[in-house]
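Residues per chain, in single letters:
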Amino acid sequence: QTRERFKLEQPHGVRVVEAKKNSTLRVDDIVLSVDGAIVSDAAQYSEILSRTVVGTDLSVGVWRNGQEQAITIKADASLLDRVEQGIGRAKRGEFK
């Protein structure tokens, strides 16, 4: 249903359900890749981020407004924590 809702062409990706104010990532972006590695699910996204050094610039492919875009984000100390919290909340059914 997410794929149809966002007119997503790829069969993979992770939906951003929360974003920090002034973040490059936006709510409802679909993260498709990080530094060229395809992101198939939230667990893989978390794994990629866990290996990333804080302060590193990451090239992220996102699906936004019906098209694929390339953005750059900076890995900060709270990025992995926010992803892990989001995974937990999704497992509890807090997001639709």
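Peer 1: How would you summarise the overall build of the protein chain if you had to cite specific residues and measurements?
Peer 2: Secondary structure summary: the protein chain contains three helices and five strands in total. Along its sequence from the N terminus, the protein chain presents helices and strands in the succession α-β-β-β-α-β-β-α. For the protein chain, buried positions account for 34% of its 96 residues. Contacts in the protein chain between residues at least 24 apart in sequence constitute 46% of all its contacts with a sequence separation of at least 6.

Peer 1: Explain the layout of surface pockets to me, using residue names and the numbers behind them.
Peer 2: The space that makes up the second largest pocket amounts to roughly 190 Å³. Around the second largest pocket, the lining residues are Lys 20, Lys 21, Asn 22, Ser 23, Thr 24, Leu 25, Ile 73, Lys 74, Asp 76, Leu 79 and Arg 82. Residue assignment for the lining of the second largest pocket shows that the elements contributing at least two residues are β5 (67-74) and α3 (79-91). For the lining of the second largest pocket, the per-class residue count stands at three nonpolar, three polar and five charged.

Peer 1: Residue-level account of the pairing of β5, with values.
Peer 2: Here strand β4 (residues 57-64) pairs with β5 via eight bridges, running antiparallel. The partner of Val 60 across the bridge, within β5, is Ile 71. Connecting β4 to the antiparallel partner β5 that follows it, the hairpin turn spans two residues, and Asn 65 within it adopts a positive phi of roughly 55°.

Peer 1: I'd like a description of helix α2 (residues 42-50), backed by residues and values.
Peer 2: Considered for burial, the residues of α2 that qualify are Tyr 45, Ser 46, Ile 48 and Leu 49. Along the axis of α2, the buried positions cluster into a sector of 160°, meaning they face one direction only. The opening residue of α2 is Asp 41, an N-cap whose side-chain oxygen sits 3.3 Å from the backbone nitrogen of Ala 43.

Peer 1: How would you sum up the environment of Leu 79? Please name residues and give values.
Peer 2: Assignment of secondary structure puts Leu 79 in helix α3. For the pair Leu 79 and Ser 46, spaced 33 residues apart in sequence, the C-alpha to C-alpha distance is 9.4 Å. Those residues in contact with Leu 79 that lie beyond four places of it in its chain are Leu 49 and Ile 73.

Peer 1: Before we move on, can you summarise the side chain of Arg 64 with the specific residues and values?
Peer 2: Mapped onto the secondary structure, Arg 64 falls in strand β4. A distance of 2.6 Å separates a polar atom in the side chain of Arg 64 from a polar atom in the side chain of Asp 29. Ignoring anything within four residues of it in the chain, the contact list for Arg 64 reads Thr 24, Leu 25, Arg 26, Asp 29, Gln 69 and Ile 71.

Rules behind the numbers
Residues numbered from 1 in each chain as written. Predicted model: local features only at pLDDT ≥ 70, side-chain atom pairs only at ≥ 80, totals over all residues. Heavy atoms only, no water. Helix = DSSP H or I, 4+ residues; strand = E, 2+ residues; numbered from the N terminus. Buried < 20%, exposed > 50% of the residue type's maximum accessible area, 1.4 Å probe, protein only. Contact = heavy atoms within 4.5 Å. 1 Å grid on protein atoms, 1.4 Å probe; cavity = no way out; pocket = protein on both sides within 12 Å on 5 of 7 lines; lining within 4 Å. Points joined across faces, edges and corners; volume = space filled by probe spheres on them. Nonpolar A, V, L, I, M, F, W, Y, C, P; charged D, E, K, R; others polar. Pairing = 2+ DSSP bridges. Arc of directions from axis to C-beta. Polar contact = N/O pair within 3.5 Å; in protein donor to acceptor, adjacent residues only side chain to side chain.

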